[in-house]
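# Working through the structure, step by step
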Amino acid sequence: MENIPFNRPFYTGNEKLNIQTALDNAHLSGDGVFTKACSSLLEQVLGVNKVLITTSCTHALEMSAMLLDIQPGDEVIFPSFTFVSTVNAFILRGAKPIFVDIRPDTLNMDETKIESLVTDKTKALVPVHYAGVGCEMDAIQSIADKHQLKIVEDNAHGLFAKYKGKYLGTFGSMATQSFHETKNFTSGEGGALLINDPEMIERAEIIREKGTNRSRFFRGQVDKYTWVDMGSSYLPSELLAAFLLAQLEGCEEIQNRRKNIWEYYDLHLNAWTEENSIRRPQVPAYVEQPYHMYYLLLPDLHSRTAFIKHMKDHGIMSVFHYLPLHLSPMGINFGGKEGDCPITEMMSDRLVRLPFYSGMTPEDLQRVVKAAMAFKV
Ligand SMILES: *Cc1c(COP(=O)(O)O)cnc(C)c1O
């Protein structure tokens, strides 16, 4: 029997057709019809002022740090339980990372622990919506307002998810999306910057276009384009945007499939998790989740390691996620030490992600569940 991988790309069926059209259009560089169609689709569905499609979520995060004018010595508050790019983007501008612990239920940044970390150097808060389950944005926004901090949402997991009826990515001055192969919607590599603050739009276009006002030139707003600011090259090729459009237009099918997978796991693993003191994901009633991942929290590191091996022996790839950033070699350089974020440290030891991809078949799901249930803590 074939192994069940942790992830496998899913095609809606229109990817090849769109790429062929891009080839026929003979426009392969960025910002052609497909890139524009992707941005408009996201702007319309989410209701954000501007969406810029980028080469990755990492790059969208880098753009957000430039747009906030992060300077050496500025402090930015992140969860330690996140991907390196969330923090790297700001480190590149000289920021000092301040790590906040996570909530034990959603594994999102613990909003009650943010305020004691705010100093007169703090410039921004970067909530990460883990598994696309919204952070406590009401509380996070009121802290940001009180201390005049900007919010950048790392929404890599949470496209089309909602917190209290409002789309994730629409709370901060900006938000970032990922279209990496492991995310719900993909172009292999890719991302987007969502801009809610209208004052940031023009500069964002410039930063994305190598520090030039090329976007205004193409719209006929200036008669030549020139170097006006710092910047880099954050435009994906039309070939990638062509692929991405097929994925975004297939949103309903992709999300339905993922909802079924998530609910299958949650229902069929219920009794077994109870019997073995394993915790399933907790999703507050006031959020709509995007079914990005299904994770389990084993009792401890030892049982988690044994579980991953057990699944592997059954030909099923399950993976752990996020080593605490404050305890990584880079985090230690910034002063991180054990005990700084105790919930993060504990959950990181316990968490395991089950195979989760839109093309999973009922047989795949049955196999994963059967193998998992043969494991006893
Ligand atoms: C995947 C991911 C990123 C990085 O996305 P890329 O598109 O690969 O750059 C950033 N933050 C989080 C939380 C992610 O899961």
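Below, the structure is looked at part by part. (Residues numbered from 1 in each chain as written. Predicted model: local features only at pLDDT ≥ 70, side-chain atom pairs only at ≥ 80, totals over all residues. Heavy atoms only, no water.)

### Here we look at helix 13 (residues 342-350)
Where we set the bar: Buried, partly exposed and exposed residues are distinguished by accessible area as a fraction of the type maximum, computed with a 1.4 Å probe on protein chains only: under 20%, between the cut-offs, and over 50%, respectively. A run of DSSP states H or I qualifies as a helix once it reaches four residues; a run of E qualifies as a strand once it reaches two. Both are numbered from the N-terminal end. Only heavy atoms matter for contacts: two residues are in contact if any of them lie within 4.5 Å across the pair.
Those residues of helix 13 lying buried are Ile-343, Thr-344, Glu-345, Met-347, Ser-348 and Arg-350. In this structure, the buried side of helix 13 is in contact with strand 11 (295-297), helix 11 (301-313) and strand 12 (351-353).

### Structural notes on the site of the ligand
Stated formally: Nearness is defined per residue: one heavy atom within 4 Å of the molecule or strand is enough. A 3.5 Å cut-off defines polar contacts: any pair of N or O atoms within that distance qualifies, except that in protein one atom must be a possible hydrogen donor and the other a possible acceptor, and neighbouring residues in sequence count only when both atoms are side-chain atoms. Accessible surface is estimated by sampling points in the Shrake-Rupley manner with a 1.4 Å probe; for residues, cover comes only from the protein chains shown.
The environment of the ligand is made up of 15 residues, and the closest members are Thr-58, Asp-154, His-157, Ser-178 and Lys-183. Contact between the ligand and Asp-154: a nitrogen atom at 2.7 Å from a side-chain N or O atom of the residue. Contact between the ligand and His-157: an oxygen atom at 2.7 Å from a side-chain N or O atom of the residue. Its free accessible area being 380 Å², the ligand has 93% of it covered by the protein chains.

### Comments concerning the side chain of Asn-276
With respect to the secondary-structure elements, Asn-276 resides in the loop between helix 10 (270-275) and strand 10 (287-288). At a separation of 2.9 Å, a polar atom in the side chain of Asn-276 contacts the main-chain carbonyl oxygen of Trp-272. Beyond its immediate stretch of four places on either side in the chain, Asn-276 contacts Pro-299, Phe-375, Lys-376 and Val-377.

### Quick look at empty space enclosed by the protein
Put simply, the test is: The definitions used throughout rest on a 1 Å grid laid over the protein atoms alone, on which a cavity is an enclosed set of points accommodating a 1.4 Å probe that cannot get out and a pocket is an open set flanked by protein within 12 Å on both sides along at least five of seven lines; lining residues are those having an atom within 4 Å of a point. Grid points are joined across faces, edges and corners, and a volume is the space filled by probe spheres set on the points. Any residue that is not Ala, Val, Leu, Ile, Met, Phe, Trp, Tyr, Cys, Pro, Asp, Glu, Lys or Arg is counted as polar, Gly included; the first ten are nonpolar and the last four charged. Residue ranges assigned to each domain were obtained from an automatic or database domain assignment.
Per the stated rule, a full pass over the model turns up 5 cavities of 30 Å³ or more. By volume, the largest cavity is sized at about 80 Å³. Forming the walls of the largest cavity are 13 residues, and the residues nearest its centre are Arg-8, Phe-10, Lys-183, Asn-184 and Ser-358. Residues of the lining of the largest cavity, tallied by class, amount to 4 nonpolar, 5 polar and 4 charged. When we break the lining of the largest cavity down by domain, the ones giving at least three residues each are domain 1 (15-249) and domain 2 (251-373).

### Comments concerning the packing of aromatic side chains
In plain terms, the rule: Centres within 6.5 Å make a pair out of two Phe, Tyr or Trp rings, where for Trp the six-membered ring is used; the pair is then stacked when the planes are under 30 degrees apart, edge-to-face when over 60, and tilted otherwise.
All told, the structure shown has 18 aromatic pairs when counted by the stated rule. Aromatic pair Phe-78 and Phe-90: ring centres 5.5 Å apart, planes at 65°, arrangement edge-to-face. Taken as a pair, Phe-78 in strand 2 (residues 75-79) and Phe-90 in helix 4 (residues 84-91) lie far apart in primary sequence, 12 residues in all. Judged by relative accessible area, which is 0%, Phe-90 ranks as buried. Measuring from centroid to centroid gives 5.3 Å for Phe-307 and Phe-375, while their planes differ by 85°, and the two rings are edge-to-face.

### Section: helix 1 (residues 15-25)
Spelled out, the test is: Directions are taken from the helix axis to each C-beta atom, and the arc is the one they span.
Taken as a whole, helix 1 has its buried residues at Glu-15, Asn-18 and Ala-22. Down the axis of helix 1, the sector holding all buried residues measures 70°, keeping them to one side. Those residues of helix 1 that are exposed and aimed more than 90 degrees away from the buried face are Lys-16, Leu-17 and Asp-24. On its buried face, helix 1 sits against helix 2 (33-46) and helix 8 (238-249). In the stretch just after helix 1, Ala-26 is the one whose phi turns positive, near 55°.

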